Amino acid sequence: MSITIQLDLPEAVVQEARAKGLLRSDVVTVLLERELKRRRACEDFGAMLKQLHSVTGDEMTEEEIQAEVDAVRAERRVRETGR
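Residues numbered from 1 in each chain as written. Predicted model: local features only at pLDDT ≥ 70, side-chain atom pairs only at ≥ 80, totals over all residues. Heavy atoms only, no water.

**A few points about the overall build of the chain**
Note the following rule: A run of H or I in DSSP becomes a helix once it reaches four residues, and a run of E becomes a strand once it reaches two; helices and strands are each numbered from the N terminus. Computation of the radius of gyration draws on C-alpha atoms, with the globule rule given as 2.2 Å multiplied by the number of residues to the power 0.38. In this scheme, a residue with accessible area under 20% of its type's maximum is buried, one over 50% is exposed, and one in between is partly exposed, where area comes from a 1.4 Å probe on protein chains only.
Secondary structure summary: the chain contains three helices and zero strands in total. The secondary structure elements of the chain, listed N-terminal to C-terminal, are α-α-α. Over its C-alpha atoms the chain spans a radius of gyration of 23 Å, topping by over 25% the 12 Å that the globule rule assigns to 83 residues. Seen through its principal axes, the chain has C-alpha atoms that stretch 60 × 35 × 30 Å. Every one of the 83 residues in the chain was classed for burial, and the buried ones make up 5%.

Printed below as a string of structure tokens:
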């Protein structure tokens, strides 16, 4: 798909961006993809925080947290090394 975008940018920004090759379609595509990925990650993080704040119950002790961390690390080791 192809679209034409017209932007009103300050001249200094245009000159520097052009000099650095940032006004090419392929570069603008990468910049937009990165920004979209960043925004999705922010939205996902916000949703995760909302879920965390809605959790009720007793707080975990430091030992329980460490046990969970150790379990996750062990699972990751098994996946990565097969042992």
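**Points about a negative patch on the surface**
The line we're drawing: Only residues whose relative accessible area exceeds 30% and that form no salt bridge are eligible for patches; like-charged ones are grouped when within 9 Å, while nonpolar side chains (Val, Leu, Ile, Met, Phe, Trp, Tyr) are grouped when within 5 Å. Each accessible area is a Shrake-Rupley estimate made with a 1.4 Å probe; only the visible protein chains count as cover when residues are assessed. Salt bridge, as used here: a side-chain nitrogen of Lys or Arg that lies within 4 Å of a carboxyl oxygen of Asp or Glu. Think of it this way: Lys and Arg go in the positive column, Asp and Glu in the negative one, and His and the chain ends go nowhere. Taken as the charge centre is NZ of Lys, CZ of Arg, CG of Asp or CD of Glu, depending on the residue.
A contiguous patch of negative charge on the surface is contributed by Asp58, Glu59, Glu62, Glu63, Glu64 and Glu68. Assignment of secondary structure puts Glu62 in helix α3 (residues 62-81).

**Focus: the pattern of salt bridges**
For the coordinates displayed, the defined rule picks out three salt bridges. Where Arg24 meets Asp26, a salt bridge forms, and the shortest distance between an N and an O atom there is 2.8 Å. Given the relative accessible area of 46%, Arg24 is considered partly exposed. A salt bridge links Arg38 to Glu35; the nearest nitrogen and oxygen atoms lie 2.6 Å apart. Taken together, the positions of Arg38 and Glu35, both in helix α2 (residues 25-54) and three residues apart, correspond to about one turn of that helix. One network of salt bridges, with partners in common, ties together Glu35, Arg38 and Arg39.

**Some thoughts on the confidence of the model for the chain**
Rules: Residue-level confidence of the predictor is what pLDDT reports, using numbers from 0 through 100.
For the chain, mean pLDDT is 94; residues scoring 70 or higher make up 100% of the total. By mean pLDDT, α3 is the weakest element of the chain at 94, and helix α1 (residues 11-19) is the strongest at 98.

**Section: α3**
An α-helical turn contains 3.6 residues, so any two residues separated by three or four positions project in the same direction. Threshold: Expected helix span is given by 1.5 Å per residue-to-residue step, counting one fewer step than there are residues.
Along its 20 residues, α3 runs 28 Å from first to last C-alpha, staying within 8% of the 28 Å computed at 1.5 Å per residue. Residue Gly82 follows α3 closely and has a positive phi angle near 80°.

**Structural notes on a nonpolar patch on the surface**
Taken together, the side chains of Met1, Ile3, Ile5, Leu7, Leu9, Val13 and Leu23 make up a nonpolar region of the molecular surface, amounting to roughly 810 Å² of accessible area. By the secondary structure assignment, Met1 is in the segment before α1.

**So, a positive patch on the surface**
A surface patch of positive charge is lined by Arg73, Arg76, Arg77 and Arg79. With a relative accessible area of 41%, Arg76 lands in the partly exposed category.

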